[in-house]
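# Structural description and commentary
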Amino acid sequence: MSAAAKEQEQAGRRIEELLEALDRTAGPEARDTADELVRALVEFYGQGLSRIVELLESADPGTPPVDVLTRDELVCGLLVLHDLHPDDTMTRVEGALDEVRPYLGSHAGDVEITGLDPGTGILRLRLRGSCDGCPSSAQTVRWTIEGAVARAAPEVAGVEVEGVEEQQPGEPALLQIGSRPPDPAGPPPPAAAVPADRGGEADWLTLDGLPRLAVGGSTVHRAAGVPLFLVRLASGLYAYRDHCPVCAGTVHDGVLDGERLRCAQCAAEYDIHRAGRGSQGHLEPVPLLEEGDGVRVALPGVPAGAGS
């Protein structure tokens, strides 16, 4: 028997000894809970092993196995959890920020790392430029950054972002919700600044069946039952709730002129590129990330796995 196999056998015996000791000292109810915990952990790692086998079997010939595994969210989280990931925390954070920089360019300019506190695990970032338009743009920027960091570096306990435009008088108050360490095997729960009258956290949902849009093209798509208006400009893809704040009608049937959208019902105009800003109100932007051929959006108060 190899040394690794002996260690695994010893670990299995130790688990059983601990469960039996728990049964004797805390009673059968605590033992049942512990048994359920062990089963959940076994299932968790079983899913990870299954995913590893699947990825390696389907990988293109010549692709380094480490590259195949680190690109997968579930396996990447497991590698980080056991300190097996080939990249350190800051390298992975930089990679996450590189992925979202094209999106941030239309809302916040750029983002730079100012430090990572090894004691608290808090990552500090600074925006260069300003959120382009309103607090809802700040909300979008925060969700986008925090979601990307959580997926790439789940060991980061929280993210502080400097340089987000302050709330203007008369605009809805925002609550700052701190981020927490995400589950490495599940969808990341990005922290957010969310409208005080709505509360809740935001979860990222994949938009299935979304058509490819050329520049100037738009569509309506539902995410967890919420109708979203998506439009592609030369600068990227944008998502807004399909709601006009002036007349309470829809906006997907409006007229798009360059980067400006005119509501078909009330003729109110909004700047799609600049977070939906208008002279009489703002469209509500929805955080969006394009990843390869996929598109994900973040909606507050929508549970993970709600689907599109």
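Residues numbered from 1 in each chain as written. Predicted model: local features only at pLDDT ≥ 70, side-chain atom pairs only at ≥ 80, totals over all residues. Heavy atoms only, no water.

Moving on, we come to the pairing of strand β8 (residues 226-233). β8 sits mainly inside the fold: seven of its eight residues count as buried. Relative to β8, strand β7 (residues 218-223) is paired through six bridges, and the arrangement is antiparallel. Note on β8: the bridge partner recorded for R222 is P227. Hairpin geometry of β7 and β8 is characterised by an intervening segment of two residues between the two adjacent antiparallel strands and by a positive phi of about 55° at A224. (Buried < 20%, exposed > 50% of the residue type's maximum accessible area, 1.4 Å probe, protein only. Helix = DSSP H or I, 4+ residues; strand = E, 2+ residues; numbered from the N terminus. Pairing = 2+ DSSP bridges.)

Turning next to the sheet that holds β8. Sheet strands pair by backbone hydrogen bonding; their relative direction is either parallel or antiparallel. Pairing is antiparallel across the open sheet formed by three strands, whose spatial order is β7-β8-β9. Edge strands, defined here as strands with exactly one partner in the open sheet, are β7 and β9 (236-241). Looking at each pair of strands side by side, their axes are set apart by 30° on average, direction ignored. (Axes fitted to C-alpha atoms, helices over the stretch in contact; angles between N-to-C directions.)

Let us now look at the state of the cysteines. Linking two cysteines covalently via their sulfur atoms produces the bond known as a disulfide. If you walk through the whole model with that rule in mind, you get zero disulfides. Cysteine C247 remains unbridged, with the sulfur of C266 as its closest cysteine sulfur at 3.7 Å. (Disulfide = S-S within 2.5 Å.)

So, on to the side chain of H273. Along the chain, H273 turns up in the loop between β12 (269-271) and β13 (288-291). Exposure remark for H273: the relative accessible area of 18% places this residue in the buried category. At 2.9 Å, the side chain of H273 forms a polar contact with the side chain of Y238. (Polar contact = N/O pair within 3.5 Å; in protein donor to acceptor, adjacent residues only side chain to side chain.)

Geometric descriptors of this kind do not, in isolation, establish any biological role.
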